[in-house]
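Below are the chains, spelled out letter by letter.
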Amino acid sequence: MSIEVLAADERGSENVQRWAASGLPVPPSWRISREAVLALDTAALVRELRGLPRMFNGQRYWVLHQGAMNEGSQRESLVNLDSDEALAAALSSLFRRADPPRQVVVQALPRQCAAGVLFTRHPLRQDLSHMVVEGVTDGDDRRQRLIFDDHGHLVYRSDSDAALDDLVGAPRLLALAEQLRRRFERPQAGEWIFDGDTLWLLQTLPVGSLPVPKEVWTRRAAPALFNQALTPLWYTLAGRWLKTEFWAPLAARRGWADLARVEPYRRQQSHLYTNSEFFRRLQDRHPGVADKVPPAWQPLETVGEGEAPAPPPGALSRARTGWELARIERRLRRWRPPALDRERAWRALMGLDRLGERLARQDGALSYLTVPDGLARQGGPVPLAWLLGDREKAVLEAVLAGDETIIDASDLRPGADPVHAPLCEKPAQRSSLRAARRSLDAAAGEAPPEAVAPLLAQWRHARDLRFLLGARLRALLLQLAAVLVQEKLLAHRDDVFFLYFDELWELWVERRIPGSAAGEVLGQRKVRYLEDAHAGAPDWKMDRIGFGFGGGGRPSPVLRGTGLVPGRVTGPLRRLCSAWALNRLQPGDIVVVDQVDPSWVPWLAQAGALVIAGRDPLNAAAGLARACAIPAVWGVSDIMHSVVDGQGAQVDGDLGELTVNSEQ
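Reading the values: rules and limits
Residues numbered from 1 in each chain as written. Predicted model: local features only at pLDDT ≥ 70, side-chain atom pairs only at ≥ 80, totals over all residues. Heavy atoms only, no water. Helix = DSSP H or I, 4+ residues; strand = E, 2+ residues; numbered from the N terminus. Buried < 20%, exposed > 50% of the residue type's maximum accessible area, 1.4 Å probe, protein only. Contact = heavy atoms within 4.5 Å. Areas by Shrake-Rupley, 256 points an atom, 1.4 Å probe, with all protein chains shown as cover. Polar contact = N/O pair within 3.5 Å; in protein donor to acceptor, adjacent residues only side chain to side chain. Salt bridge = Lys/Arg side-chain N within 4 Å of Asp/Glu carboxyl O. Phe/Tyr/Trp six-rings, centres within 6.5 Å; stacked < 30°, edge-to-face > 60°. Lys NZ or Arg CZ within 6 Å of the ring centre and 35° of its normal. Pairing = 2+ DSSP bridges. Axes fitted to C-alpha atoms, helices over the stretch in contact; angles between N-to-C directions. 1 Å grid on protein atoms, 1.4 Å probe; cavity = no way out; pocket = protein on both sides within 12 Å on 5 of 7 lines; lining within 4 Å. Points joined across faces, edges and corners; volume = space filled by probe spheres on them. Nonpolar A, V, L, I, M, F, W, Y, C, P; charged D, E, K, R; others polar. Parallel < 35°, antiparallel > 145°, perpendicular 65-115°, else oblique. Left-handed = near helix turned anticlockwise from the far one by under 90°. Patch = residues over 30% accessible without salt bridge, like charges linked within 9 Å, V, L, I, M, F, W, Y side chains within 5 Å. Lys, Arg positive; Asp, Glu negative; His and termini not counted. Charge placed at Lys NZ, Arg CZ, Asp CG, Glu CD.

**Considerations on the overall build of the chain**
Link 1 in the chain: The number of helices and strands found in the chain is 17 helices and 23 strands.
Link 2 in the chain: Counting all 664 residues of the chain, 55% fall into the buried class.
Link 3 in the chain: Across the chain, contacts joining residues at least 24 apart in sequence account for 67% of those joining residues at least 6 apart.
Link 4 in the chain: Summing over all exposed atoms, the chain offers an accessible surface of approximately 28,600 Å²; the carbon and sulfur share of this is 49%.

**Notes on the side chain of Glu-392**
Link 1 in the chain: In this fold, Glu-392 is placed in helix 11 (residues 390–401).
Link 2 in the chain: You can call Glu-392 buried: its relative accessible area is 3%.
Link 3 in the chain: Polar side-chain contacts of Glu-392 include one of 2.8 Å to the backbone nitrogen of Gly-389.
Link 4 in the chain: Setting aside its immediate chain neighbours within four residues, Glu-392 contacts Leu-412, Arg-463, Pro-598, Ser-599 and Pro-602.

**A look at the pattern of salt bridges**
When their charged atoms lie close together, side chains carrying opposite charge are able to pair.
Link 1 in the chain: The final tally for this structure, using the stated rule, is 48 salt bridges.
Link 2 in the chain: Close ionic contact of Lys-292 with Asp-291 constitutes a salt bridge, the shortest N to O distance being 3.4 Å.
Link 3 in the chain: A salt bridge links Lys-526 to Asp-495; its shortest N-O distance comes to 2.8 Å. Residue Lys-526 is located in helix 15 (residues 519–535), and its partner Asp-495 is located in the loop between helix 13 (453–486) and helix 14 (501–509); the two are separated by 31 residues in the primary sequence.
Link 4 in the chain: Here Lys-526 falls in the partly exposed class, since its relative accessible area comes to 26%.
Link 5 in the chain: Owing to a relative accessible area of 7%, Asp-495 belongs among the buried residues under this scheme.
Link 6 in the chain: Within this structure, Arg-219, Arg-220, Asp-539 and Asp-594 form a network of salt bridges that share partners.

**So, the packing of aromatic side chains**
Link 1 in the chain: Evaluated as defined, the whole model comprises twelve aromatic pairs.
Link 2 in the chain: Plain terms: the ring middles of Phe-279 and Tyr-368 are 5.7 Å apart, the flat faces sit at 50 degrees to each other, and that makes the pair tilted. Taken together, the residues Phe-279 in helix 8 (residues 276–282) and Tyr-368 in helix 10 (residues 342–374) connect sequence positions 89 residues apart. The residues Phe-279 and Tyr-368 share a single accessibility class, namely buried.
Link 3 in the chain: In this structure, Arg-280 is placed above the aromatic ring of Trp-297, and the distance from its NZ or CZ to the ring centre is 4.0 Å.
Link 4 in the chain: Just above the ring of Trp-508 sits the side chain of Arg-342; from NZ or CZ to the centre is 4.3 Å.

**Considering the sheet that holds strand 14 (residues 271–275)**
Paired through backbone hydrogen bonds, the strands of a sheet run either parallel or antiparallel to each other.
Link 1 in the chain: With respect to topology, five strands assemble into an open sheet ordered 13-14-12-15-16, the strand pairing being antiparallel. Edge strands, defined here as strands with exactly one partner in the open sheet, are strand 13 (265–268) and strand 16 (545–547). Strand-to-strand, the axes of this sheet are offset by a mean angle of 30 degrees, without reference to chain direction.
Link 2 in the chain: Sheet topology places strand 12 (residues 216–218) next to strand 15 (residues 540–542); three bridges connect them, and they run antiparallel. In the sheet register, Thr-218 faces strand 15, and the bridge partner there is Trp-540.

**Quick look at the pairing of strand 23 (residues 657–660)**
Link 1 in the chain: Looking at chain direction, strand 22 (residues 648–652) and strand 23 are connected through four bridges and run antiparallel. Bridge pairing in strand 23 places Ala-649 opposite Val-660.
Link 2 in the chain: Where strand 22 folds back onto strand 23 in an antiparallel hairpin, the turn is made up of four residues, including Gly-656, whose phi is positive at roughly 75 degrees.

**Description of the environment of Gly-470**
Link 1 in the chain: Within the secondary structure layout, Gly-470 lies in helix 13.
Link 2 in the chain: In the structure, Gly-470 is positioned 118 residues away from Leu-352 in sequence and 9.4 Å away in space, judged by C-alpha atoms.

**Considerations on the layout of surface pockets**
Link 1 in the chain: Roughly 700 Å³ of volume is contained in the second largest pocket.
Link 2 in the chain: Taken together, 32 residues form the lining of the second largest pocket, with His-286, Pro-311, Pro-313, Leu-369 and Thr-370 sitting closest to its centre.
Link 3 in the chain: Listed by contribution, the elements that provide at least two residues to the lining of the second largest pocket are helix 7 (232–254), helix 9 (315–334), helix 10 and helix 13.
Link 4 in the chain: Considering each element in turn, the lining of the second largest pocket owes the most residues, eight residues, to helix 10.
Link 5 in the chain: Along the lines of polarity and charge, the residues of the lining of the second largest pocket split into 16 nonpolar, seven polar and nine charged.

**Description of helix 14**
Link 1 in the chain: Three or more residues of helix 14 are buried, namely Phe-501, Glu-503, Leu-504, Glu-506, Leu-507 and Trp-508.
Link 2 in the chain: Backbone geometry just downstream of helix 14 places Arg-511 in the positive-phi region, at approximately 55 degrees.

**Section: the environment of Leu-340**
Link 1 in the chain: Of note, Leu-340 is situated in the loop between helix 9 and helix 10.
Link 2 in the chain: Note: C-alpha distance between Leu-340 and Ala-625 (285 residues apart in sequence) is 47 Å.
Link 3 in the chain: The contact partners of Leu-340, leaving out residues within four places of it in the chain, are Gln-479 and Val-483.

**Describing the packing of helix 9 against helix 13**
Link 1 in the chain: Viewed as axis vectors pointing N to C, helix 9 and helix 13 meet at an angle of 20 degrees, and their least axial separation amounts to 10 Å. Relative to helix 13, helix 9 is oriented roughly parallel. Between helix 9 and helix 13 the crossing geometry is left-handed. Across the interface between the two elements, Arg-318, Thr-321, Gly-322, Leu-325, Ala-326, Ile-328, Glu-329, Leu-332 and Arg-333 from helix 9 touch Pro-454, Leu-455, Gln-458, His-461, Ala-462, Leu-465, Leu-468, Leu-469 and Arg-472 from helix 13.
Link 2 in the chain: Looking at side-chain class alone, the contact of helix 9 with helix 13 contains ten nonpolar, four polar and four charged residues.

**A few points about a positive patch on the surface**
Link 1 in the chain: Judged by side-chain charge, Arg-327, Arg-330, Arg-331, Arg-334 and Arg-354 come together as a positively charged surface patch.
Link 2 in the chain: Per-element accounting of the positive patch gives the leading share, four residues, to helix 9.
Link 3 in the chain: Within the element layout of this structure, Arg-334 appears in helix 9.

See below:
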């Protein structure tokens, strides 16, 4: 009789041969046929097994692959056998039963110190690319869990005296995960054991609980454009501008005929979601869109093999963009509210609408394509000086210096949506804008690549114009609303922001209240808008299921990230989902943020510490933390959905940790 050694072979008939050929740490393996086992009695079979090479100093045990666990399953049933006698008995029993297999695979392994399963992608959350490891250590049957983010940082581990990551070592687990990712296209669940020296792979199979979603909508498409709740009127204006002037021409140029009539945006829970199918089509040419599609839609490499990355805009293209932005700015600067004439006022609104369309062409390209592409390999936050416009800089410096006069006179608005009032109108947010008494180094941070610098200047210019356009619209809309209130078509001037565009047309042109905009309906819209603005919304909608739901209220273990600015701070947590929560900030709060508008920087300067969900180099909160030496942690992926306002916590910027008290 012979027991066949399964050597590494890319074309081998057994999985273990192909895995070993690709460099995976597969234990020594043999194939044993039914005929060979039945030809020997138990004692002779034991002698044959004992005659195999004496590996692992005689302290080995056997793993017997019994075949598929269930019909149609790719997972095999593995049996651990602690001696040659036990393996011989198991083989004899297996091959003598009814309908036996023709052959089986056995593996020799050393005595284990730990064993478990490694998932190369989170098995339950389609919105996270986190690696999850579950396992037990020798002598302890309590299951432990480790979670690593897509940068390889440990973001969670179970409490245990014999911690799995200390025993096995995070580098070994990360190395195995990287091997599995490179070897397989689908996410894998690899069963492993650790002998105190080597991490061995027993078997691996695709994660069956991760189907590829057919429809995906993301709220994280362009933080500079839609980073908070927005009113119905701003949605119908800004969403239409980008749809008709940016996405439709882009789809036509790229030949996406099937997307010609597909909506790029939809508003849900007062937040604007973008159809990720558009970003999916852009992946091969634009590496900056990688985080705008779910992990299941991302290629193994950031840039696909089909096409080369799109080159950055040349000097001529940048000059055309600059020229167009300058033209739009001149028109907006010269704009003045019209006389109170119904036709002239509507024409003025249409004039601003056309400027919005022209701005959207440039703003879309800068915010979705060229700037993200240029910063795709940026490791740290861009210096604050590259992110702030003149208004933000002036108010930030006034807050740091305690100059109330400049703050009171400022026309800074905490959002482009016309519903947001400037500071000079004394909105509720003005009362929480207090002196921070910090020093400022606006150049602190990681300088962007040289080719990106002119693009960032244009991105900042386009953003300033978007805010200026919102201010012009605010002035005009309030003028229209005053007339509508006088005519008893609206109850309050602010109601105008909660109309959809066609409802505003019906009120203004036809002087009648549409059924969809009755007073009770507008009241409900306002309440829902404010609730959504404070609670947040799911980051993703995949096949109608929300992932990453905002609002806190449930504890989550993912409370680790990467230290951004060193220092330890203890204080109450304050989740910040929109500008409407700025008036609740108190000096010394630990402010938890995700997408941040640069206009919020003067308020954030009084934070005791900052905890940031992502690692966007354009995140103004990260830039501010570096510029003002505010202790900060970023890359805490699930933080917005893991804490509750008012909870006590401690931030450790050195370790990149947030420790939350159990009591509120």
